[in-house]
Amino acid sequence: MGGTGSVAYKAKKEGKKVTYNDKLKFNFFTGFALIENDSVILNESDVSFLLEKHDTLRYPTFVQDTFNETYFTDEENAWIDMVISNINLLGNKYKKAIAMHCLFQACIIKRPYNLFHRKNLYLRLNDVKRSFGNKVTWDKPFNEHFSKFVKEVNNCIFSNGEKCNALNYDVFDIPGSYDLVYIDTPYLPEKGEIIDYRDAYHFLEGLAGYECWPGMVDAERKHKPLIREYCVWNDVKKINIAFDKLFDKFKDSIIVVSYRSDGIPSEEQLVQLLKKYKKNVREVKATDFKYVLSKKESKELLFIAY
Ligand SMILES: C[S@@+](CC[C@H](N)C(=O)[O-])C[C@H]1O[C@@H](n2cnc3c(N)ncnc32)[C@H](O)[C@@H]1O
């Protein structure tokens, strides 16, 4: 459940032999580019190749046809169709992963709320006085964002002397055994809106499997997300059982769990579940931490079980 890879990257920096995993393919590409990859970068000629329209190629128009007036302008949609097609022509798997990561970051930074949960391009284009967001960033051309992210990522690629890996499994299917397992499941709030990662970032997950994307779209819904898949981490009735099963799977490792104080399961329930498998459970509360867009008083929790 490595997400953006920030925790895995920190562990890599600390010299650990890290295995990153996430079920979503777009996240996996980030893990592959930044955690497993320890030497490959995108050079200037790679970037020129990616950002140029090649006369010899016929580019698909899937994003242009499907997401008209949804997230990006027509011109931007055409740019996305072109760049993703060029990325898929790269021969080196790590170069491809870096380029994917940069494309995803560019898409995210140009979106109000950084999400793909509504057909709301108008929020960006309307000529109104705004109290949120950054219109300059939203309107900056894709080329500029992409090139900036390439520079940034190239500077982050390093070897720590260990062979690190990136995997793309459902958490219950991860192979191997580990000294320490860091678990950061999607958070299920006691009250309020449940965020399904696959749903919120469906556009990036679609790009990550561009050729299969047409068959995965829910055409009935206005913002054209992927057809929904069941996720146990969003199921109020099953989430306690899922945590139990996960702690059982990793009972031979030190288990570190990140969660929030106003979630399901509760703080006490999580401690009880961990105590089924581990003698010692330490809890750390981050009291002065707040999510940028969150109005709620929710505390970040970290459980260390050994
Ligand atoms: C709270 S986020 C993790 C954030 C991460 N620690 C970071 O620093 O970005 C939860 C992650 O779990 C992933 N995920 C959801 N269901 C999963 C599953 N069944 N197996 C593996 N990963 C899953 C999501 O794709 C998401 O990236």
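Just above, that's the structure.
So, a few notes on the structure that sits alongside this text. (Residues numbered from 1 in each chain as written. Predicted model: local features only at pLDDT ≥ 70, side-chain atom pairs only at ≥ 80, totals over all residues. Heavy atoms only, no water.)

### A short note on the site of the ligand
- Not every one of the 18 residues close to the ligand is listed here, only the nearest: T4, S6, D22, V171 and D184.
- D170 places a polar side-chain atom, nitrogen or oxygen, 3.1 Å from a nitrogen atom of the ligand.
- A distance of 2.9 Å separates a nitrogen atom of the ligand from a polar backbone atom of V171.
- Protein burial of the ligand: of its 600 Å² of free accessible surface, 89% is covered by the chains.
- In terms of residue class, the shell around the ligand is made up of seven nonpolar, seven polar and four charged. (Near = heavy atom within 4 Å. Polar contact = N/O pair within 3.5 Å; in protein donor to acceptor, adjacent residues only side chain to side chain. Areas by Shrake-Rupley, 256 points an atom, 1.4 Å probe, with all protein chains shown as cover. Nonpolar A, V, L, I, M, F, W, Y, C, P; charged D, E, K, R; others polar.)

### Structural notes on helix 3 (residues 44–51)
- The set of residues buried in helix 3 consists of D46, V47, L50 and L51. Looking straight down helix 3, one finds its buried side chains confined to an arc of 120 degrees; they lie on one side. Every exposed residue of helix 3 that faces more than 90 degrees away from the buried side is listed here: E44 and S45.
- Those residues of helix 3 hidden inside the fold are in contact with helix 5 (74–87), helix 6 (93–109) and helix 9 (142–154). (Buried < 20%, exposed > 50% of the residue type's maximum accessible area, 1.4 Å probe, protein only. Helix = DSSP H or I, 4+ residues; strand = E, 2+ residues; numbered from the N terminus. Arc of directions from axis to C-beta. Contact = heavy atoms within 4.5 Å.)

### Thoughts on the nonpolar core
- Of all hydrophobic cores here, the largest spans 61 residues; its most connected members are C107, F203, L204, L207 and W213.
- For this core, the secondary-structure elements that each account for two or more residues are helix 1 (6–13), helix 2 (25–36), helix 3, helix 4 (62–66), helix 5, helix 6, helix 9 and helix 11 (202–208).
- Examining the composition of this core, we find that eleven residues originate from one element, helix 6, more than from any other.
- Those residues in contact with W213 that lie beyond four places of it in its chain are F62, V63, F67, H202, F203, G206, L207 and L226.
- Counting 27 residues, the second largest nonpolar core, distinct from the first, contains L167, A242, F243 and A305. (Core = buried A, V, L, I, M, F, W, Y, C linked by side-chain atoms within 4.5 Å.)

### So, the packing of helix 3 against helix 5
- The N-to-C vectors of helix 3 and helix 5 enclose an angle of 135 degrees; their axes lie 8 Å apart at closest approach. In terms of axis orientation, helix 3 runs oblique to helix 5. Of the residues in helix 5, those in contact with F49, L50 and L51 of helix 3 are W79, M82, V83, N86 and I87.
- Of the residues belonging to the contact of helix 3 with helix 5, the class tally is seven nonpolar, one polar and no charged. (Axes fitted to C-alpha atoms, helices over the stretch in contact; angles between N-to-C directions. Parallel < 35°, antiparallel > 145°, perpendicular 65-115°, else oblique.)

### What to know about the pairing of strand 6 (residues 300–305)
- Relative to strand 6, strand 4 (residues 254–260) is paired through six bridges, and the arrangement is antiparallel. Bridge pairing in strand 6 links V256 to I304. (Pairing = 2+ DSSP bridges.)

### Quick notes on the pattern of salt bridges
- For the coordinates displayed, the defined rule picks out 14 salt bridges.
- Measuring nitrogen to oxygen at the nearest pair gives 3.0 Å for the salt bridge that ties D139 to R124. Taken together, the residues span a long stretch of sequence, with D139 in helix 8 (residues 135–139) and R124 in helix 7 (residues 121–125) at a distance of 15 residues.
- Residues K276 and D244 are paired through a salt bridge, measuring 2.8 Å at the closest nitrogen-oxygen approach. (Salt bridge = Lys/Arg side-chain N within 4 Å of Asp/Glu carboxyl O.)

### Considering the sheet that holds strand 6
- Spatial ordering of the open sheet is given by 3-4-6-5, a layout of four strands whose pairing is mixed. Looking at which strands have only one partner, the edges of the open sheet turn out to be strand 3 (180–183) and strand 5 (281–286). Along the sheet, successive strands turn relative to each other by an average axial angle of 15 degrees, direction set aside.
- In the packing of helix 12 (residues 239–249) onto the sheet, contacts are made with strand 3 and strand 4, and the angle to strand 4 comes to roughly 155 degrees.

### Quick notes on unusual backbone geometry
- The amide bond that connects I264 to the next residue, P265, takes the cis arrangement and shows omega of 0 degrees.
- Take P265: it is sitting in the loop between strand 4 and helix 13 (267–277).
- Positive phi outside glycine occurs at Y113, with the angle close to 65 degrees.
- When you line up the elements, Y113 lands in the loop between helix 6 and helix 7.

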